[in-house]
Amino acid sequence: MERRPFPLSFSVREAEGLWRVSAGAAQAGELVDLLVAVANDAVAVVSLETNSYLDEDWHPLQPALIAAELDVPCTVHDLGDWASGTNGLGEEFLVLDRDLLPRLLDGTWSPYELTLIDVSADVTPEQLDELALVLGTTGIDESLLSRLGDSRVWFSGHDDCYMMLETRDPALPAAVLARLLALLAGSALAELTEEPFARVPEPEPWLPEQLIGTAPHWTGVLSHVAEDLVAIGLAALPDPWRLGVPFPQADLTATLDVRLGTWRITPAE
């Protein structure tokens, strides 16, 4: 509300070979390549809400019609009215090849709510019904993938900002944190240069891995922005960050040298 940039936030926990991440700020399309890299052969879009595609009565189009507008081949599994109002479920599932997901999330439109999960390429209608039942009966703090034998990644993004994911891939949380740092630095440089976007390198894996090894909960804000250098103050938190929690004193500074394309971590001054 004070028109400050939305802060970076990241939280991860691991249990029984599953990693659960809550984070911000990132749109689904900015993480889609990371999700595709760890997913099974197909992806089911199980919930989709957007104001980018509306009919003549200003009602959102059904997901299948949006996919058709974007020329994304998929199969449609109709759940019916019983799924209406169930958190994280739409009335129809879209099932598409995982490599087509970037075409669906191509940046030309914006979903304000999107939930997806990977499935096998030969998933049956009966299995999709079972998936819907699991999705609809799993609590927000409960492990989802522990109830699903084959799925490797579940993603839920809200308001183009907040996101949660659960994965079997131990490298994905660090990859997400690296992407969040690059997005924050890139958005700052784009605003500084008055360009639509700025391409910046992501940190090498050691940097987000070091942060995660130090603490499971982080928040970050821009502390210095220039054309040749971007610094992000990072603070470890005892609990996941929530909107309205003021930024505490920074513990570390992650710095991008724009000319060299390198990142480093130093103690905060």
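Everything that follows concerns the structure shown earlier in this document.
About the thresholds
Residues numbered from 1 in each chain as written. Predicted model: local features only at pLDDT ≥ 70, side-chain atom pairs only at ≥ 80, totals over all residues. Heavy atoms only, no water. Helix = DSSP H or I, 4+ residues; strand = E, 2+ residues; numbered from the N terminus. Rg over C-alpha atoms; globule rule 2.2 N^0.38 Å. Buried < 20%, exposed > 50% of the residue type's maximum accessible area, 1.4 Å probe, protein only. Contact = heavy atoms within 4.5 Å. Salt bridge = Lys/Arg side-chain N within 4 Å of Asp/Glu carboxyl O. Pairing = 2+ DSSP bridges. Axes fitted to C-alpha atoms, helices over the stretch in contact; angles between N-to-C directions. Phe/Tyr/Trp six-rings, centres within 6.5 Å; stacked < 30°, edge-to-face > 60°. Patch = residues over 30% accessible without salt bridge, like charges linked within 9 Å, V, L, I, M, F, W, Y side chains within 5 Å. Areas by Shrake-Rupley, 256 points an atom, 1.4 Å probe, with all protein chains shown as cover. Parallel < 35°, antiparallel > 145°, perpendicular 65-115°, else oblique. Left-handed = near helix turned anticlockwise from the far one by under 90°. Expected span 1.5 Å × (residues − 1). Core = buried A, V, L, I, M, F, W, Y, C linked by side-chain atoms within 4.5 Å.

Let us look at the overall build of the protein. When you go through the protein residue by residue, the secondary structure sums to 6 helices and 12 strands. A compact globule built from 269 residues would reach a C-alpha radius of gyration of about 18 Å, and the protein, at 19 Å, matches this within 12%. Counting every position in the protein, which comprises 269 residues, the buried fraction comes to 47%. The contacts in the protein between residues at least 6 apart in sequence include a share of 62% that link residues at least 24 apart.

With that out of the way, let us pick up the pattern of salt bridges. The final tally for this structure, using the stated rule, is 6 salt bridges. Linking Glu166 and Arg20 is a salt bridge whose minimum nitrogen-to-oxygen distance equals 2.6 Å. Of the two residues, Glu166 sits in strand E8 (residues 162–167) while Arg20 sits in strand E2 (residues 18–24), which places them 146 residues apart along the sequence. Across the pair, exposure class does not vary: Glu166 and Arg20 are buried alike. The shortest N-O distance in the salt bridge between Arg179 and Asp33 comes to 2.9 Å. Taken as a pair, Arg179 in helix H5 (residues 172–193) and Asp33 in helix H1 (residues 32–38) lie far apart in primary sequence, 146 residues in all. By relative accessible area, which is 12% here, Arg179 ends up buried. Through salt bridges with shared partners, a single ionic network connects Asp33, Arg179 and Glu202.

The strand order E4-E5-E3-E6-E7-E8-E2-E1-E9-E10-E11-E12 describes an open sheet built from 12 strands, whose pairing is antiparallel. The open sheet is flanked by strand E4 (75–78) and strand E12 (262–267), the only strands paired with a single partner. When the angles between neighbouring strand axes are averaged without regard to direction, this sheet yields 20 degrees. Sheet topology places strand E3 (residues 42–50) next to strand E6 (residues 111–119); 8 bridges connect them, and they run antiparallel. Across the sheet, the residue bridging to Val45 is Leu116, located in E6. Of the strands in this sheet, E3, E4, strand E5 (92–97), E6 and strand E7 (153–158) touch helix H4 (residues 125–137), which is tilted by about 120 degrees from E5. Of the strands in this sheet, strand E1 (8–15), E2, E7, E8, strand E9 (217–226), strand E10 (229–236), strand E11 (252–257) and E12 touch H5, which is tilted by about 175 degrees from E1.

Looking now at unusual backbone geometry. Following Gly24, the chain continues to Ala25 via a peptide bond in cis, the omega torsion being 0 degrees. Here Ala25 lies in the loop between E2 and H1. Phi is positive for Asp71, close to 60 degrees, though the residue is something other than glycine. Residue placement: Asp71 occurs in the loop between helix H2 (63–69) and E4. With relative accessibility at 55%, the residue Asp71 sits in the exposed group.

What follows covers the packing of aromatic side chains. Here the distance between the centres and the angle between the planes together describe a pair of aromatic rings. Applying the stated criterion across every chain, the model contains 1 aromatic pair. Ring geometry for Tyr53 and Trp109: centres 5.8 Å apart, planes at 70 degrees, overall edge-to-face. One end of the pair, Tyr53, is in the loop between E3 and H2; the other, Trp109, is in the loop between helix H3 (101–104) and E6, with 56 residues separating them in the sequence. Like Tyr53, the residue Trp109 is buried in the burial classification.

Taken together, the side chains of Phe6, Tyr162 and Leu243 define a hydrophobic patch exposed on the protein surface, amounting to about 280 Å² of accessible area. Looking at the element boundaries, Phe6 is found in the segment before E1. Using a relative accessible area of 31% as the deciding quantity, one classes Phe6 as partly exposed.

Where H5 contacts helix H6 (residues 206–214), the two axes come as close as 8 Å, and the packing angle between them is 110 degrees. On the basis of their axis angle, the class for H5 and H6 is roughly perpendicular. Considering the relative orientation of H5 and H6, their crossing is right-handed. Where H5 approaches H6, its residues Pro173, Ala174, Leu177, Ala178 and Leu181 are matched on the opposing element by Leu207, Pro208, Glu209, Leu211 and Ile212.

A rise of 1.5 Å per residue sets the reference length of H5, with its 22 residues, at 32 Å; its end C-alpha atoms lie 31 Å apart and thus fit the reference within 8%. Counting buried positions over the 22 residues of H5 gives 16, a clear majority of the element. Looking one or two residues beyond H5, the residue adopting positive phi is Glu194, at roughly 55 degrees.

Soluble, globular proteins show a tendency: their nonpolar side chains are buried together. Counting 59 residues, the largest nonpolar core has Leu101, Leu104, Phe155, Leu181 and Leu211 as its most contacted members. With residues near it in sequence (within four places) discarded, Leu181 still touches Leu8, Pro203, Leu207, Leu211, Ile232, Leu234, Ala254 and Trp263. Membership of the second largest hydrophobic core comes to 20 residues, among which are Leu18, Phe93, Leu135 and Leu145.

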